[in-house]
Amino acid sequence: MKIAVFGVSGMVGSRVAAEAVSRGHEVAGATRSGGEVPDGVRAVQASANDVAAAKELAADADVLVAAIGPSRTGGDHQEYLDAVDNLIAAVRGTATRLLVVGGAGSLVVNGNRVVDGPDFPAEYKGESLTVSQALENLRASDVNWTMLSPAFVIAPGERTGVFRLGQDEPVGEHISAEDYAVALVDEAETAAHNQRRFTLGY
């Protein structure tokens, strides 16, 4: 399988690329700088906001992974939303699937989004609302997309391959970035959640 990963230099993107390579997939890793990528990954200098680059990568991939996110320290969140919309446009009319790294804030507890709760950390609220909007944009689209929302805490850790999956409600408090990558590459291989969001946790 051919997999292209935007955001390959980040915590999640680097692990997704490495996991895919370990399973024998052909991986192209896109970064704005064209800099360091995991072993076995073909480096591509491209931004998810670059229309031509996104279309070129989508045309040559079975799966396009958006391991990108809005800034947590301010900045223009519209740039992130534009990037997701650009990747939606890039796969439209192709057989390429779009897999998007989501956030926990859009998960639902007792019918309410987590990000709207009174105890949601203020420092994460802006980015969580923006990623929640990206989910709505995906749901309104006509492409073959999947978003994987992690548990509330995602951090570097161990690759265990043992975790729980859910749909829109949280199934655990935390997940390692390594196991998140396992689940995302599993989804790339199985297409079990087409045009749906799902989640994972311990």
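Position labels on residues start from 1 in each chain and follow its written sequence. For this predicted model, a pLDDT threshold of at least 70 governs which residues receive local features, and a threshold of 80 or more governs which side-chain atom pairs are given and counted, while totals over whole chains, interfaces and linings are taken from all residues. Values shown for side chains rest on all heavy atoms present in the structure; no hydrogens or waters enter the calculation.

Remarks on the overall build of the protein
Then step 1. The secondary structure content of the protein amounts to 5 helices and 12 strands.
Then step 2. Scaling as 2.2 N^0.38, a compact globule of 202 residues should have a C-alpha radius of gyration of about 17 Å, and the protein matches this with 16 Å.
Then step 3. Projected onto its principal axes, the C-alpha coordinates of the protein cover approximately 45 × 35 × 30 Å.
Then step 4. Scored against the burial criterion, the 202 residues of the protein give a buried share of 50%.
Then step 5. Should any heavy atoms of two residues lie within 4.5 Å, those residues are counted as being in contact. Nonlocal contacts in the protein, meaning residues at least 24 apart in sequence, comprise 66% of its contacts between residues at least 6 apart.
Then step 6. Summed over its atoms, the accessible surface of the protein is roughly 9,200 Å², and 48% of this surface lies on carbon and sulfur atoms.
Then step 7. Taking the average location of the 16 positive side-chain charges in the protein and that of its 27 negative ones, the two points are 3 Å from each other. Numbered from the N terminus, helices here are DSSP runs of H or I no shorter than four residues, and strands are runs of E no shorter than two. As a reference, a globule follows 2.2 Å times the number of residues to the power 0.38, and the radius of gyration itself is taken over C-alpha atoms. Each residue is assigned to one of three classes by its accessible area relative to the maximum for its type, calculated with a 1.4 Å probe on protein chains only: buried under 20%, partly exposed between the two thresholds, exposed over 50%. Here the open area of atoms and residues is found with the Shrake-Rupley method and a 1.4 Å probe, where only the protein chains shown may cover a residue. Note that His is not counted, nor are the chain ends; the positive residues are Lys and Arg, and the negative ones are Asp and Glu. Note on charges: their place is set at NZ of Lys, CZ of Arg, CG of Asp or CD of Glu.

Section: the packing of helix H2 (residues 51-59) against helix H3 (residues 77-91)
Then step 1. Only C-alpha atoms enter the line fits that serve as axes; for helices the fit covers just the stretch in contact. Angles between N-to-C directions range over 0 to 180 degrees. Orientation of H2 relative to H3, taken along the N-to-C sense of each, is 45°, at an axis distance of 8 Å. Viewed along their axes, H2 and H3 adopt a mutual orientation that is oblique. Regarding H2 and H3, the two cross each other, and that crossing is right-handed. Where H2 abuts H3, its residues Val-51, Ala-54, Lys-55 and Ala-58 lie against Asn-86, Leu-87, Ala-90 and Val-91. We call two directions roughly parallel when the angle between them is under 35 degrees, roughly antiparallel when it is over 145, roughly perpendicular when it lies between 65 and 115, and oblique otherwise. Helix crossings fall into two classes, left-handed where the near helix is turned counterclockwise from the far one by less than a right angle and right-handed where it is turned clockwise.

A closer look at the sheet that holds strand S10 (residues 164-166)
Then step 1. Taken in spatial order, the 8 strands make up an open sheet running S3-S2-S1-S4-S5-S8-S12-S10, and their pairing is mixed. Strands with a single pairing partner mark the edges of an open sheet, and in this sheet they are strand S3 (42-45) and S10. The average angle at which neighbouring strand axes cross in this sheet is 25°, direction not considered.
Then step 2. One ladder, built from 4 bridges, connects strand S4 (residues 63-66) with strand S5 (residues 97-101); its direction is parallel. Its bridge partner being in S5, Val-63 is matched across the sheet by Arg-97.
Then step 3. Contacts from H3 reach strand S1 (2-6), S4 and S5, with the element oriented near 160° to S5.
Then step 4. Sitting on the sheet, helix H5 (residues 177-190) touches S1, S4, S5, strand S8 (145-149) and strand S12 (196-201), and the angle it makes with S5 is about 165°. Being paired, for any two strands, means DSSP has found at least two bridges between them.

Looking at the nonpolar core
Then step 1. In terms of nonpolar packing, the biggest core is built from 31 residues, with Phe-6, Leu-57, Leu-64, Leu-87, Leu-98 and Leu-138 touching the most fellow members.
Then step 2. Listing elements by their share of this core, those giving two or more residues are S1, strand S2 (26-31), H2, S4, H3, S5, helix H4 (122-139) and S8.
Then step 3. Residue contributions to this core peak at 8 residues, all from H3.
Then step 4. Among the nonpolar cores identified, the runner-up in size contains 28 residues, and Val-12, Ala-181, Val-185 and Ala-188 belong to it. Definition used in this section: a nonpolar core is a set of buried Ala, Val, Leu, Ile, Met, Phe, Trp, Tyr and Cys residues joined via side-chain atoms within 4.5 Å.

A closer look at the side chain of Ser-14
Then step 1. With respect to the secondary-structure elements, Ser-14 resides in helix H1 (residues 11-22).
Then step 2. Setting aside residues up to four positions removed in sequence, Ser-14 forms contacts with Gly-7, Val-8 and Pro-38.

Looking at the environment of Glu-187
Then step 1. Secondary-structure assignment places Glu-187 in helix H5.
Then step 2. For Glu-187, a relative accessible area of 2% gives the class buried.
Then step 3. For the pair formed by Glu-187 and Leu-148, sequence separation is 39 residues and the distance between their alpha carbons is 9.1 Å.

So, the side chain of Arg-197
Then step 1. As for its position among the elements, Arg-197 is in strand S12.
Then step 2. Polar contacts involving the side chain of Arg-197 include one to the side chain of Ser-149, which spans 2.9 Å.
Then step 3. When neighbours within four sequence positions are excluded, Arg-197 is seen to be in contact with Gly-103, Ser-106, Leu-107, Leu-135, Arg-139, Trp-145, Met-147, Ser-149, Gln-167 and Asp-168. Side-chain atoms alone can form a polar contact between residues adjacent in sequence; in general such a contact is a pair of N or O atoms within 3.5 Å, and within protein one must be able to donate a hydrogen while the other accepts it.

Looking at the environment of Gly-10
Then step 1. Tracing the backbone shows Gly-10 in the loop between S1 and H1.
Then step 2. Judged by relative accessible area, Gly-10 falls into the partly exposed class, the value being 28%.
Then step 3. The sequence separation of Gly-10 and Val-101 amounts to 91 residues, and the corresponding C-alpha distance is 11 Å.

Let's talk about the pattern of salt bridges
Then step 1. For salt bridges, the criterion is a side-chain nitrogen of Lys or Arg within 4 Å of an Asp or Glu carboxyl oxygen. For the coordinates displayed, the defined rule picks out 13 salt bridges.
Then step 2. Across the salt bridge formed by Lys-2 and Asp-60, the nearest N and O atoms sit 3.2 Å from each other. One end of the pair, Lys-2, is in strand S1; the other, Asp-60, is in the loop between H2 and S4, with 58 residues separating them in the sequence.
Then step 3. Between Arg-97 and Glu-187 there is a salt bridge, and its shortest N-O distance comes to 3.1 Å. Remark: Glu-187 occurs in helix H5 and Arg-97 occurs in strand S5; sequence separation between them is 90 residues.

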